[in-house]
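The primary structure of each chain is shown beneath.
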Amino acid sequence: MTGGRLQDHQRVDCLVIGGGPAGLTAALYLARFRLAVQVIDRGAGRAASIPRTRNYPGFPDGIIGHDLVQRIGEQAVRYGARIANAEVATVERAGDVFQCRTSNGLIEASAVILATGIRDIRPPIDDKLHDAALAARLIRYCPICDGFEVTGRRVAVMGCGAHAVREAIFIRSYTDDVTVLAWDGATVLDDAQRASLARAGITVVDGAVASARMLHDKLILATDCGELAFDAVYPALGAQVASRIAQDLGARVDDDGYLYVDEHQRTGVPRLYAIGDVVAGLNQISRAVGQAATAATALRNELLA
Ligand SMILES: Cc1cc2nc3c(=O)[nH]c(=O)nc-3n(C[C@H](O)[C@H](O)[C@H](O)COP(=O)(O)OP(=O)(O)OC[C@H]3O[C@@H](n4cnc5c(N)ncnc54)[C@H](O)[C@@H]3O)c2cc1C
């Protein structure tokens, strides 16, 4: 990320909270509209964790997530956007202005674009092992993104209920060796879900997973049914949606905390927009950057009307 220091107190046309593909693309557009834009990002976003994305257009050999984020940031800075590494704690409305408290000072903004994303709920394994397995593509989080890469491989979906069933059946279109397993006990699946999995030829392992380790190019899980080796494991444990700042301002969310927006990415709170994974819908980079273009253009027209 192209980082900079935040001045103690500043006033901008737009504060963008979150510096993933969504927030940085919005900043690029706003800067090119000659508006004063500040991005605040605390780092460790989802895009930055992608070992190599292969479905984002324009990169036939794929691109490392961190490099993609870095490039969009550099492009935004070239046109005058400012980016700082910090965390936005609260945003309050004071008349026409948003007062944004960050870990690095106060910012006043005429408008706010929320691009804070989500955090995947990780399986309870040691952080170091998790990150090594993610980098080695043994743990994966997004079958829409990389299901193609597990074609014909031995794959596990770790989770329960409708989410795990949906994900397992999706992955089944790439490989006939799919197992659903629960990390910490009997898989919670009702009869109809078990029947759907059985019809799709998907194995269900009921029982605790005691430990995990990497061995060569496999992730080995010790379960009540013995040790099982997989080429890829997809946790399907849900996500924490980073929508609290918008909710505190009165924006509406669905049952999982994803924000509702209109066709211009407006949340319903005047001059508060939301883009990317934090918005209900498909969690993909292409959607995030498309929403960023829409939001930035609508905001430009609103501010300069
Ligand atoms: C392992 C993995 C692989 C994936 N592969 C692909 C793929 O191949 N293709 C694809 O299209 N999608 C892929 N995705 C999904 C993709 O990463 C997301 O759709 C995309 O990153 C969404 O962009 P975003 O800007 O909304 O969120 P993010 O990239 O998550 O960025 C959000 C940023 O906001 C910051 N933030 C949050 N709250 C605050 C705050 N209060 N103050 C300051 N900063 C804050 C976060 O720290 C983060 O840096 C993958 C996801 C994962 C986890």
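All of the points below concern the structure found in this document.

Parameters and conventions
Residues numbered from 1 in each chain as written. Predicted model: local features only at pLDDT ≥ 70, side-chain atom pairs only at ≥ 80, totals over all residues. Heavy atoms only, no water. Helix = DSSP H or I, 4+ residues; strand = E, 2+ residues; numbered from the N terminus. Rg over C-alpha atoms; globule rule 2.2 N^0.38 Å. Buried < 20%, exposed > 50% of the residue type's maximum accessible area, 1.4 Å probe, protein only. Areas by Shrake-Rupley, 256 points an atom, 1.4 Å probe, with all protein chains shown as cover. Lys, Arg positive; Asp, Glu negative; His and termini not counted. Charge placed at Lys NZ, Arg CZ, Asp CG, Glu CD. Patch = residues over 30% accessible without salt bridge, like charges linked within 9 Å, V, L, I, M, F, W, Y side chains within 5 Å. Salt bridge = Lys/Arg side-chain N within 4 Å of Asp/Glu carboxyl O. Pairing = 2+ DSSP bridges. Axes fitted to C-alpha atoms, helices over the stretch in contact; angles between N-to-C directions.

A count of helices and strands for the protein chain gives 8 helices and 17 strands. Since a compact globule built from 305 residues should have a radius of gyration of about 19 Å, the 21 Å found for the protein chain is in line with a globular shape. Along the longest, intermediate and shortest principal axes, the C-alpha atoms of the protein chain span 60 × 35 × 30 Å. Buried residues in the protein chain amount to 49% of all 305 residues. For the protein chain, the accessible surface area stands at approximately 14,200 Å², while carbon and sulfur atoms represent 49% of it. The averaged location of the 35 negative side-chain charges in the protein chain is 6 Å from the averaged location of its 32 positive side-chain charges.

The subject of this paragraph is a nonpolar patch on the surface. Judged by side-chain polarity, Ile144, Phe170 and Leu282 come together as a nonpolar surface patch covering roughly 260 Å² of accessible area. Take Ile144: it is sitting in helix H4 (residues 143-146).

Despite not being glycine, Ala44 shows a phi value in the positive range, around 60°. Note that Ala44 resides in the loop between strand S2 (37-41) and helix H2 (65-78). Taking relative accessible area as the criterion, Ala44 reaches 73% and is therefore assigned exposed. Even without being a glycine, Gln265 presents a positive backbone phi close to 70°. Note that Gln265 resides in the loop between helix H7 (244-248) and strand S17 (272-274). Note on Gln265: relative accessible area 6%, which makes it buried.

Our focus in this paragraph is the sheet that holds strand S11 (residues 203-205). With parallel pairing, the 4 strands of this open sheet are ordered in space as S11-S9-S8-S15. Two strands bound the open sheet, and with one partner strand each, they are S11 and strand S15 (232-236). Here the average twist between neighbouring strands, direction ignored, is 25°.

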